[in-house]
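A look at the structure
Chain residues, written in single-letter form:
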Amino acid sequence: MEVKDNSKQASGGKLKRIAGPVVTAVNLDAHMYDLVQVGNEGLMGEVIKIQRDEVIIQVYEDTSGIRPGEPVINTGLPLSIELGPGLLTSIYDGIQRPLEVLVQKMGDFIERGVSAPGLPRDKKWEFKPIVKEGDTVKPGSIIGEVQETNIVHKVMVPPKVNGGKVKSIKSGLFTVEEIVCTLDNGVELPMMQKWPVRVPRPVTEKMNPTIPLITGQRILDGLFPIAKGGTAAIPGPFGSGKTVTQQQLAKWSDAEIVVYIGCGERGNEMTEVLTEFPELEDPKTGKPLMERTVLIANTSNMPVAAREASVYTGITIAEYFRDMGYDVSLMADSTSRWAEAMREISSRLEEMPGEEGYPAYLAARLSEFYERAGLVHTLNGARGSVSVIGAVSPPGGDFSEPVTQNTLRIVKVFWALDAKLSQRRHFPAINWLNSYSLYLEQLHDWYDKEVSPEWNKLRSWAMEVLQKEAELQEIVQLVGSDALPDAEQLTIEIARMIREIFLQQNAYDKVDTFCDMTKQYAMMKAIRHFADLAYAAQLAGVSPLQIISVKSKNELQQIKFIEEYIPALQKIEADMENEFNALRSAS
Ligand SMILES: Nc1ncnc2c1ncn2[C@@H]1O[C@H](COP(=O)(O)OP(=O)(O)OP(=O)(O)O)[C@@H](O)[C@H]1O
Ligand SMILES: [Mg+2]
């Protein structure tokens, strides 16, 4: 679509070309990333390229029906979101429009040109000041608190505002726009602040993460832990468990705030998130998980540009809660959908395509996103963290594709889902041979102190057994297990126990869904105890067949489903010793 450019006579910007989500305007005075209103309906868009006198804009709404010649107005502001009380429990689209409000305004179809504020304007919040007149505040200082849900929302001086002495401060019920605090330099502060989503919020310093994000998932905490403030990727083929794992993390990880970005591919997948998520119960409080969650939902009928923005909207919200001193975990399911949005916009821009049609800047965008994770000292001196966990859905489960490969180079933890395991119904279907965590060394001391001085050794032992098993399995496939020496037959059995007892975990079982480190340690120690008894018995002449049929071992299988596991485990270990003693005295 193209018109003769006679816009020079017109007063403002005019549309010249429309190519799906990407439109070109002329006669528009603009900077990169300015937010603009496009067409008669005022659709929201963002400047993404400036070429001589042409301004290229990605539009966050459906552009069908808009025509060349329609006006374009520059707001002169970058794409920003609203931060303040009212974020928690919200479900937003990629540009922070509350879905509930959108649906009320226009039914099931998302109409265009609808603007809805991110934070409710009419709701009053009880503001409790924590500074008083005469106190000095600076960017990031906490001036008051609001009990938002069961989470205390800290109201802060925005990062870019000049600090000063508090001239007046109020207490009581206010909307997010009403002024609650004025400074002697004339600055007036409401509870709400705005922040441009593409710019990381400033911190005093980033620190090396040394504390794990405990997730209650044994293969994660036990073998491949992520640190608080760390980054992890969960790549996996279709149906292998990305979403279940992300939801388990949302529910159980010991982060105080959860930001969940759902980029659904299939229409019904997002519907699942939209209906299921609000139903999830927070195991810590018994209240809805939404009370400490912000959900960003991209349905497949939403324009790609909004999906592109959603990741930035999400991470900005996460940083905002981090700035209050909270541990935040951000889940993006799946980042492949985000990368595809970039690819589509890039192809509309007729940019030179890189690998598999993705733009050349794919790697840079991915790393800018993951780099916003971290354990930090905030501007107000508190300690806060954002942990980022991105799912990746490689087409056909092929990890060599660009999104998986570029993500791998950036993240420190890799939880590789495996279709073969999920077909065998080994859940979580995380492959213990391909996965890794680069935090092990940094977290070593924490496990040493908080779990047991034995834990790190036990973990290495389990990994060795699993690796040994993989080698032995190759031999078994060639010559059968009978050909293996006795000790190696035992190794295969012990590896099976590690897999089935420790690694397999049922997300849908009331008890097994969460397993704290104390129980993880006790379970692994019991397996090790069996292994020690088994190898000793074998050296004393007991046959592998007899060892493998030790009955008490089978009861270990059930321990994960038992809440009061300590007495049960004590009994099993005592029985094991008795059984082995009997075997040895008989041989
Ligand atoms: N930890 C688990 N415990 C029990 N079952 C699981 C677990 N993880 C995955 N599953 C099973 O695998 C199914 C598919 O998982 P999920 O929907 O998370 O896959 P996905 O990788 O997100 O798929 P898609 O590519 O379609 O988004 C689940 O419905 C569930 O039956
Ligand atoms: Mg999924």
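The text that follows walks through the structure, step by step, so that each part is easy to find. (Residues numbered from 1 in each chain as written. Chains lettered and ligands numbered in written order. Predicted model: local features only at pLDDT ≥ 70, side-chain atom pairs only at ≥ 80, totals over all residues. Heavy atoms only, no water.)

1. Description of the environment of Tyr260
- Mapped onto the elements, Tyr260 comes out in strand 20 (residues 257-263).
- Note: C-alpha distance between Tyr260 and Ile91 (169 residues apart in sequence) is 9.5 Å.
- Non-local contacts of Tyr260, meaning those with residues more than four positions away in its chain, are made with Thr243, Gln246, Gln247, Ala250, Phe277, Val294, Leu295, Ile296, Met331 and Asp333. (Helix = DSSP H or I, 4+ residues; strand = E, 2+ residues; numbered from the N terminus. Contact = heavy atoms within 4.5 Å.)

2. Description of the pairing of strand 1 (residues 13-19)
- Bridge count for strand 1 against strand 6 (residues 71-78) is 2 bridges, and the pairing is antiparallel. Considered in strand 6, the bridge of Gly13 is made with Val72.
- Pairing of strand 1 with strand 2 (residues 22-26), which is carried by 5 bridges, proceeds in the antiparallel orientation. Directly across from Leu15, in strand 2, lies its bridge partner Ala25.
- Between strand 1 and strand 2, which follow one another and run antiparallel, lie 2 residues, and Gly20 among them has a positive phi close to 60°. (Pairing = 2+ DSSP bridges.)

3. Section: the sheet that holds strand 6
- Here we have 6 strands rolled up into a closed barrel, ordered 1-2-5-4-3-6, and antiparallel in their pairing. Neighbour to neighbour, the strand axes of the sheet diverge by 45° on average, direction disregarded. (Axes fitted to C-alpha atoms, helices over the stretch in contact; angles between N-to-C directions.)

4. A closer look at the pairing of strand 15 (residues 179-183)
- Among the 5 residues of strand 15, 4 are classified as buried, and the element is accordingly described as predominantly covered.
- With 3 bridges joining them, strand 13 (residues 164-169) and strand 15 adopt antiparallel strand pairing. The residue of strand 15 that forms the bridge with Val166 is Leu183.
- Relative to strand 16 (residues 188-190), strand 15 runs antiparallel, the two being bridged by 3 bridges. Each residue of the ladder has a partner; that of Ile179, found in strand 16, is Pro190.
- Here strand 15 folds back onto strand 16 in antiparallel fashion, the turn holding 4 residues, of which Gly186 has a positive phi close to 95°. (Buried < 20%, exposed > 50% of the residue type's maximum accessible area, 1.4 Å probe, protein only.)

5. Focus: the packing of aromatic side chains
- The final tally for this structure, using the stated rule, is 11 aromatic pairs.
- Here Trp338 and Phe369 contribute two aromatic rings whose centre-to-centre distance is 5.4 Å and whose plane-to-plane angle is 65°, an arrangement assigned as edge-to-face. Of this pair, Trp338 sits in helix 6 (residues 335-348) while Phe369 sits in helix 7 (residues 362-370), and the two are 31 residues apart along the sequence.
- We classify Phe369 as buried; its relative accessible area is 1%.
- Here Phe399 and Phe414 contribute two aromatic rings whose centre-to-centre distance is 6.1 Å and whose plane-to-plane angle is 80°, an arrangement assigned as edge-to-face. Linking Phe399 in the loop between strand 24 (383-392) and helix 8 (402-410) with Phe414 in strand 25 (residues 413-414), this pair joins segments that are 15 residues apart in sequence.
- Take Phe414: its relative accessible area is 5%, and that puts it in the buried class.
- Linked through ring pairs, Tyr312, Trp338, Phe369 and Tyr370 together constitute an aromatic cluster. (Phe/Tyr/Trp six-rings, centres within 6.5 Å; stacked < 30°, edge-to-face > 60°.)

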